[in-house]
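Read off the chains here:
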Amino acid sequence: MTLEQRIAHVNKVVSEACERAGRSPEEVNIVAVTKYVSVDKTKQVLDSGIVHLGENRWQSAKPKWEALGSRGIWHFIGQLQSNKVKDVIGKFAYIHSLDRLSLAKELERQASAADITLKAFVQVNVSGEDTKAGLPPEKVFDFIRQLGEFPHIEVIGLMTMAPFDSDAESARPVFRGLRELRDELNAKNVQAKPIEHLSMGMSGDFEVAIEEGATWVRLGSILVGKEED
Ligand SMILES: *Cc1c(COP(=O)(O)O)cnc(C)c1O
């Protein structure tokens, strides 16, 4: 399939899932995950009109960012070590994997020095799998409260990943759990501005994630393909 065909397919799946859920497709934002592909392929993605690009490691993002940085809006979606914060500050506008205070402190310190504000998703381990990054749901309220002291980090949403090897339908309770957690946090006024966004859903399960309220889906293989395609 060409990139245009992939985009058309994804748009169709998004609008059908929205229709089933009574949502507007405009509520669903797409991050094209380019971690599997080259600079050239990433350029094609940008040429197609997609602006939000996701990468999970600076090493894989670097050549693309250096060639195309100013053309995209970059999302860091992988686990982030505090000593790698310097690689992402000023380049990635969004961080999807904020899951601990030590990382938040370092992000705040460097974002403040660079005079920028990061948009952040707090990553939650809804499934409880021990291989998954993210905070347990019961710790999220206190964590977001603490983040209130960090003016250069704006918490806009929650992020989760479905369990490995699950089919889309069995991921549904995980996605629903993240939505319910968001609603509960907002009902308790966890921060002045309600938490709006849910970053959930990948190639194998994004339609279910959208039915459960995803506002950002992170799509690699189904949208951008892998390099051998
Ligand atoms: C790789 C990756 C994705 C995209 O994966 P696909 O299944 O190829 O769509 C989404 N989110 C995260 C955190 C990833 O690391």
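Just so we're clear, the structure is a prediction, and the values are computed from it rather than from any experiment.

Asker: When you look at the UniProt feature "domain: Alanine racemase N-terminal" (unreviewed entry) in the chain in this model, what are you seeing that I'm missing?
Answerer: Using the residue numbers shown here, the UniProt feature "domain: Alanine racemase N-terminal" (unreviewed entry) corresponds to residues 27–226. The annotated region residues 27–226 carries 36% helix and 20% strand content, and the separation between its end C-alpha atoms amounts to 27 Å.

Asker: Help me out: how do you make sense of the UniProt feature "modified residue: N6-(pyridoxal phosphate)lysine" (unreviewed entry) in the chain in this one?
Answerer: Mapped onto this numbering, the UniProt entry gives "modified residue: N6-(pyridoxal phosphate)lysine" (unreviewed entry) at Lys-35. Along the polypeptide, Lys-35 turns up in the loop between strand 1 (29–33) and helix 2 (39–47). Non-local contacts of Lys-35, meaning those with residues more than four positions away in its chain, are made with Gly-54, Glu-55, Asn-56, Ser-60 and Lys-64.

Asker: Please clarify how the pairing of strand 2 (residues 52–55) should be interpreted in this entry.
Answerer: Side-chain alternation along strand 2 places His-52 and Gly-54 on one buried face and Leu-53 and Glu-55 on a second face that is also buried. Taken together, strand 1, helix 2 and strand 2 form a β-α-β motif whose crossover is right-handed. Judged from the four bridges that link them, strand 2 and strand 3 (residues 73–76) form a sheet pairing that is parallel. Each bridged residue has a counterpart across the sheet, and for Leu-53 the counterpart in strand 3 is Trp-74. The β-α-β motif built from strand 2, the intervening helix 3 (residues 58–68) and the parallel element strand 3 has right-handed crossover chirality.

Asker: Can you walk me through helix 6 (residues 140–147) in this structure?
Answerer: Every α-helix carries 3.6 residues per turn, so stepping three or four residues along brings you back to the same face. Buried residues of helix 6: Val-140, Phe-141, Phe-143, Ile-144 and Leu-147, and no others. The arc that holds the buried residues of helix 6, viewed along the axis, is 165°, so those residues lie on one side. Residues of helix 6 that are buried in the fold lie against strand 4 (92–98), helix 5 (101–114), strand 5 (118–123), strand 6 (153–159) and helix 7 (168–187).

Asker: Could you clarify how one ought to interpret the side chain of Arg-172 in this entry?
Answerer: Mapped onto the fold, Arg-172 is located in helix 7. Only 2.7 Å separates the side chain of Arg-172 from the side chain of Glu-211, close enough to count as a polar contact. Not counting residues within four places of it along the chain, the set of residues in contact with Arg-172 comprises Val-208, Glu-211 and Glu-212.

Asker: I'm lost on the site of the ligand in this one. Help?
Answerer: Taken together, Val-33, Lys-35, Tyr-36, Asn-56, Ile-77, Met-161, Met-202, Ser-203, Arg-218, Leu-219, Gly-220 and Ser-221 make up all the residues around the ligand. Residue Tyr-36 places a side-chain N or O atom 3.2 Å away from an oxygen atom belonging to the ligand. Arg-218 is positioned with one of its side-chain polar atoms (N or O) 2.9 Å from a nitrogen atom of the ligand. Surface burial for the ligand is 91%, taken as the share of its 390 Å² of free accessible area covered by protein chains. Grouping the constituent residues of the shell around the ligand by class yields six nonpolar, four polar and two charged.

Asker: Where do I start with the pattern of salt bridges in this structure?
Answerer: A side chain of one charge can pair with a side chain of the opposite charge when the charged atoms of the two come close. Enumeration over the complete set of coordinates arrives at 18 salt bridges. Across the pair Arg-100 and Asp-99 runs a salt bridge whose closest N-O atoms are separated by 2.9 Å. Using a relative accessible area of 28% as the deciding quantity, one classes Arg-100 as partly exposed. Using a relative accessible area of 13% as the deciding quantity, one classes Asp-99 as buried.

Calculation rules
- Residues numbered from 1 in each chain as written.
- Predicted model: local features only at pLDDT ≥ 70, side-chain atom pairs only at ≥ 80, totals over all residues.
- Heavy atoms only, no water.
- UniProt positions renumbered as here; feature names shortened; annotations may be inferred.
- Helix = DSSP H or I, 4+ residues; strand = E, 2+ residues; numbered from the N terminus.
- Contact = heavy atoms within 4.5 Å.
- Buried < 20%, exposed > 50% of the residue type's maximum accessible area, 1.4 Å probe, protein only.
- Right-handed = clockwise from strand over helix to strand, strands pointing away.
- Pairing = 2+ DSSP bridges.
- Arc of directions from axis to C-beta.
- Polar contact = N/O pair within 3.5 Å; in protein donor to acceptor, adjacent residues only side chain to side chain.
- Near = heavy atom within 4 Å.
- Areas by Shrake-Rupley, 256 points an atom, 1.4 Å probe, with all protein chains shown as cover.
- Nonpolar A, V, L, I, M, F, W, Y, C, P; charged D, E, K, R; others polar.
- Salt bridge = Lys/Arg side-chain N within 4 Å of Asp/Glu carboxyl O.

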